[in-house]
Amino acid sequence: MTMAYEQIAVSREGAVEWITLNRPDRLNALTATMSGEIEAAFGAAGGDQQVRCIVLTGEGRGFCAGQDLTEFEAAYRAGDRPDIAEHLRNSYHRMIPVLVRTPKPVIAAINGVAAGAGLSLALACDLRVASEEARFTQAFVKIGLIPDSGGSYLLPRAVGYPKALELSISGDLIDAKTALEIGLVSRVVPAVSFRDDVSALANKLAAMPTLAIAATKSLLQGSLARTLDEALEEEATAQAAMGQTHDHVEGVNAFAEKREPRFEGR
Ligand code: LHQ
């Protein structure tokens, strides 16, 4: 099934939704249109019972080069100073939370360079799998800006404050191997088998108990802002809900019957 978007492509393979940024000649740089489409596609996939894993990737040799700087170029050349805050609130501030809160496992399949807001997009996903050809840069500082689109919040949570600060104030371009070493990505795979390797991981996650994954995401995301006692109480509430699911009963029965469970995401 393929839905009609201008700057992204969406396709379904089994229970996996592939969302592909589709401006390869611009390394999939983000426009207002593309941000809106990403937000819409994630909203739709997040609410679709048939979807049990989402993959975000890029067409061509880039993952996402961040904000399309040509959107601002004409104004700057004319001496105007567009209100960046308004731009952020109308695009990234709508898109990033939808990704982070999607109640499905989300894989960033980073096929090529991820820069600026493009790196933030990857950080808003749950797992980051990089092709050995991927590269990463907190490009903002190179144009005199601070990490936006969640970059100041998500990067320290992924790699810790010291590395996050170093990357953010240097703008250094790092390769996939370095990204793996600092924990920015969880695995690096060969370019030749990239799509197959991502697909295998996505299918594996899609066969897991989807509701438990959604609740786990929510608990872990909230944990840094909670006390231990609050976290324990949140766990009890979530576990009570999980105890009512088909997949919990199936998991326990499969264990007792010494067979593989057949989870259905309900
Ligand atoms: C691009 C872009 C791009 C347009 C490559 N835009 N065309 C910022 C501003 C305001 C408000 C809100 O928020 C933000 C958030 C941000 O995201 S700031 C960060 C914006 N991104 C950047 O500064 C990255 C700019 N790009 C680069 O540094 C390089 O292109 C990277 C390191 C990503 C890749 O380098 P290469 O592999 O050497 O590719 P390339 O530079 O040759 O790019 C290929 C084409 O893509 C090229 O066009 P051309 O017509 O010459 O083939 C680039 O102009 C175009 N492109 N990024 N962000």
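This report concerns the structure included in the present document.

Quick notes on the rules
Residues numbered from 1 in each chain as written. Predicted model: local features only at pLDDT ≥ 70, side-chain atom pairs only at ≥ 80, totals over all residues. Heavy atoms only, no water. Helix = DSSP H or I, 4+ residues; strand = E, 2+ residues; numbered from the N terminus. Polar contact = N/O pair within 3.5 Å; in protein donor to acceptor, adjacent residues only side chain to side chain. Contact = heavy atoms within 4.5 Å. Buried < 20%, exposed > 50% of the residue type's maximum accessible area, 1.4 Å probe, protein only. Arc of directions from axis to C-beta. Core = buried A, V, L, I, M, F, W, Y, C linked by side-chain atoms within 4.5 Å. Pairing = 2+ DSSP bridges. 1 Å grid on protein atoms, 1.4 Å probe; cavity = no way out; pocket = protein on both sides within 12 Å on 5 of 7 lines; lining within 4 Å. Points joined across faces, edges and corners; volume = space filled by probe spheres on them. Nonpolar A, V, L, I, M, F, W, Y, C, P; charged D, E, K, R; others polar.

Moving on: the side chain of serine 168. You can see serine 168 is positioned in helix H7 (residues 161-170). A distance of 3.3 Å separates polar atoms of two side chains, one belonging to serine 168 and the other to glutamine 138. With near-sequence residues (within four places) excluded, serine 168 lies in contact with Gln138, Val141, Pro147 and Leu155.

This part takes up helix H12 (residues 246-256). Listed in full, the buried residues belonging to H12 are Asp247, Glu250 and Ala254. Projected down its long axis, H12 carries its buried residues within an arc of 60°, all on one side. Residues Phe255 and Ala256 are exposed on H12 and point more than 90 degrees away from its buried face. Where H12 is buried, its residues meet helix H10 (210-223). Of the residues trailing H12, lysine 258 is marked for its positive phi of about 50°.

Positive phi values are uncommon outside glycine, yet asparagine 28 reaches one of about 60°. Tracing the sequence through the fold places asparagine 28 in the loop between strand S3 (16-21) and helix H1 (32-46).

Turning next to the nonpolar core. By size, the foremost hydrophobic cluster in this structure holds 46 residues, and its most contacted members are Ile38, Leu121, Phe136 and Leu184. Setting aside anything within four residues of it in sequence, one finds leucine 184 in contact with Leu119, Leu123, Arg128, Phe136, Leu155, Val159, Ile174 and Ala179. Core analysis: the second largest hydrophobic core is formed by 14 residues, Val55, Ala109, Val129 and Leu201 among them.

The next point concerns the sheet that holds strand S10 (residues 174-175). Pairing within the open sheet is mixed, and its four strands lie in the order S5-S7-S9-S10. In this open sheet, the two strands that pair with only one neighbour each are strand S5 (62-64) and S10. Pairing geometry for strand S9 (residues 135-137) and S10, over two bridges, is antiparallel. Paired with phenylalanine 136 across the two strands is isoleucine 174, which belongs to S10.

This part covers the layout of surface pockets. By volume, the largest pocket amounts to about 870 Å³. Around the largest pocket, the lining is made up of 23 residues, and of these Val100, Asp126, Lys217, Leu220 and Gln221 lie nearest the centre. Listed by contribution, the elements that provide at least two residues to the lining of the largest pocket are helix H4 (92-100), strand S8 (127-131), helix H6 (151-159) and H10. If one sorts the elements of the lining of the largest pocket by residue count, H10 sits on top with five residues. Considering only residue class, the lining of the largest pocket consists of 15 nonpolar, three polar and five charged. The computed volume of the second largest pocket comes to approximately 480 Å³.

By themselves, these are just geometric observations and shouldn't be taken as functional.
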